[in-house]
Amino acid sequence: MSQKISIAVLGASGYTGADLVRLALTHPDIEIAALSANAKAGQSMADVWPHFAHVPLPGLVRADEIDWAGIDAVFGCLPHAASAELLSTLVGPRIIDLSADFRLNSAETYADWYGNPHPAPELLPDAIYGLTEYAADMLPAARIVACPGCYPTAALLALLPLLESGLIGHERITINALSGVSGAGRSLKEANLFTEVAEAVHPYGIGRHRHMPEIEQELSKRANGPVTISFTPHLVPMNRGELETITVELMPGKRAADLRAALGHRYAAAPFVHLLPEGKGPSTRMVRGSNHCVMNVFEDRIPGRAIVIVAIDNLVKGSSGQAIQNMNLMFGLPETAGLLAAPLFP
Ligand SMILES: NC(=O)C1=CN([C@@H]2O[C@H](COP(=O)(O)OP(=O)(O)OC[C@H]3O[C@@H](n4cnc5c(N)ncnc54)[C@H](OP(=O)(O)O)[C@@H]3O)[C@@H](O)[C@H]2O)C=CC1
Ligand SMILES: CC(=O)N[C@@H](CCC(=O)OP(=O)(O)O)C(=O)O
């Protein structure tokens, strides 16, 4: 590329916005033109983020103060509803939204699960669902890309190949999910205080979490019929990372080894999705700070069932990394540009 892609990051004072900036700083084809905040507008990134204290970056402004001329892509790292309200007013930049606003195909389903009317239902038909490994063909022409939620990213990467190849049943799929606290965003909430979160694991959204309709929508599209899931998220005392343990029912005559073979085949050429060697359990420490996803399949001791385990970093493959992976394909760049940093350990 001769000219860099000029980007704006809306919500750069939040966790996904900051990780997007972190990744953009080492991307060879990105130039950061503008950064926005809401209450923190007027401050510098160094004021808001100690880890950027020595990094030259544009200051935080309100989104309506941004001069959009010459900006090629905007990353929306805003709360749902605020995101679609703001992005729907923009003409010009291609939109990569990390919020939930453009993920569900139906405005009615959105209103039911998010508790507010959809701010821009007329744009829903223009949005593509940006699970990159399944959206590559559609990204080059897309104007609006809805990046999947963090839990759906992990669940869909693990389950889609198994449903597409008819290896598992459409029902009795049980997803037990664990997330680091950054998944809840940077805003102050009593439930996210150190004293509340440390030394404990907290289930939440039990029986009803807004990622259920998203996961079912995308599984059902590709599984040739409706798929239902049971999904229970848990907050665990770590900063970032997400792990899902999924139990599935095998179709008659199928074994865990068939599931492993299907995943290995589907992701053989995928740069960020990895099937681990047989018997090796995925862990969040294998992906921390990186755009990688690791998974594996195990026999359950109950006949006819198998256990699939998948891990990602919620702030990278689960949000900002996948958003850049989508941008790369939208703009004709290599899928991996700026994203090949190895995970951070210890
Ligand atoms: N955290 C995660 O792991 C993931 C998050 N997401 C989604 O990404 C989006 C951002 O999440 P996250 O970074 O965690 O959130 P944060 O709460 O950390 O950050 C929110 C950002 O939005 C700004 N903001 C808040 N309200 C408004 C408003 N009314 N108008 C304009 N700007 C506003 C905030 O500015 P200020 O600081 O000035 O208030 C801040 O910059 C959300 O939709 C979230 O659901 C998706 C996948 C994973
Ligand atoms: C730990 C935690 O609270 N996680 C968030 C999910 C983060 C995410 O992906 O949210 P969006 O769908 O809103 O983008 C939650 O359960 O609401």
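Residues numbered from 1 in each chain as written. Chains lettered and ligands numbered in written order. Predicted model: local features only at pLDDT ≥ 70, side-chain atom pairs only at ≥ 80, totals over all residues.

(A) Structural context of the overall build of the chain. Within the chain, the regular secondary structure consists of ten helices and 14 strands. For 346 residues, the compact-globule estimate of 2.2 N^0.38 gives 20 Å, and the chain sits close to it at 20 Å. The principal-axis extent of the C-alpha atoms belonging to the chain is close to 60 × 45 × 40 Å. Split into buried and exposed, the 346 residues of the chain put 46% on the buried side. In the chain, of all internal contacts separated by at least 6 residues, the share reaching a separation of at least 24 is 70%. (Helix = DSSP H or I, 4+ residues; strand = E, 2+ residues; numbered from the N terminus. Rg over C-alpha atoms; globule rule 2.2 N^0.38 Å. Buried ≥ 20, exposed ≤ 12 C-beta atoms within 10 Å, placed from the backbone. Contact = placed C-beta atoms within 7 Å.)

(B) Here's a closer look at the site of ligand 1. By nearness alone, 29 residues border ligand 1, and G11, G14, S99, G185 and R186 come closest of all. At the level of secondary structure, the elements contributing two or more residues to the shell around ligand 1 comprise α1 (15–25), α3 (82–87) and α10 (316–330). The element contributing the most residues to the shell around ligand 1 is α1, with three residues. Class assignment for the residues of the shell around ligand 1 results in ten nonpolar, 17 polar and two charged. (Near = placed C-beta within 6 Å. Nonpolar A, V, L, I, M, F, W, Y, C, P; charged D, E, K, R; others polar.)

(C) Up close: the site of ligand 2. Every residue near ligand 2 is listed here: H80, S99, A100, G149, C150, S179, G183, A184, G205, H211, P233 and L235. For the shell around ligand 2, the residue count by class is five nonpolar, seven polar and no charged. Of the residues that make up the shell around ligand 2, three or more belong to each of domain 1 (5–148 + 317–330) and domain 2 (151–314). (Domains from an automatic or database assignment.)

(D) Spatial organisation of the UniProt feature "domain: Semialdehyde dehydrogenase NAD-binding" (unreviewed entry) in the chain. Mapped onto the present numbering, the UniProt feature "domain: Semialdehyde dehydrogenase NAD-binding" (unreviewed entry) falls at residues 6–142. As annotated, residues 6–142 comprises 24% helix and 18% strand, and the C-alpha atoms at either end are separated by 17 Å. (UniProt positions renumbered as here; feature names shortened; annotations may be inferred.)

(E) Here's a closer look at the domain arrangement of the chain. Each assigned domain of the chain is listed here: domain 1 (5–148 + 317–330) and domain 2 (151–314). Computed from C-alpha coordinates alone, the two centres of domain 1 and domain 2 are separated by 24 Å. Counting residues at the interface gives 20 residues for domain 1, matched by 23 residues for domain 2. Of all the elements in the fold, those that place two or more residues in the side of domain 1 that touches domain 2 are α4 (107–114), α5 (132–135) and α10. The residue inventory of the side of domain 1 that touches domain 2, partitioned by class, reads nine nonpolar, eight polar and three charged.

(F) Summary view of the UniProt feature "active site" (unreviewed entry) in the chain. Those residues carrying the UniProt feature "active site" (unreviewed entry) are C150 in this numbering. Note that C150 resides in helix α6 (residues 150–164). The class of C150 is buried, set by 28 C-beta atoms lying within 10 Å. Ignoring any residue separated from it by four or fewer positions in sequence, one finds C150 in contact with S179, G183, E242, N314, G318 and S319.

(G) How the structure looks around the sheet that holds strand β6 (residues 127–129). The parallel open sheet is built from seven strands, whose spatial order is β3-β2-β1-β4-β5-β7-β6. Only two strands of the sheet have a single partner each, and these edge strands are β3 (60–61) and β6. Where strand β4 (residues 73–76) meets strand β5 (residues 94–97), four bridges bridge the pair, whose relative direction is parallel. Paired with G76 across the bridge in β5 is D97. (Pairing = 2+ DSSP bridges.)

(H) Examining the sheet that holds strand β12 (residues 273–275) more closely. Ordered by their spatial adjacency, seven strands build an open sheet running β9-β10-β8-β11-β14-β13-β12, and the pairing between neighbours is mixed. Looking at the sheet topology across the chains shown, the edges are occupied by β9 (202–203) and β12. Relative to strand β10 (residues 229–235), β9 runs antiparallel, the two sharing two bridges. Across the sheet, the residue bridging to H202 is L235, located in β10. Sheet strands in contact with helix α9 (residues 256–266) are β12, β13 (293–299) and β14 (305–312), and its direction is about 160° off that of β13. (Axes fitted to C-alpha atoms, helices over the stretch in contact; angles between N-to-C directions.)

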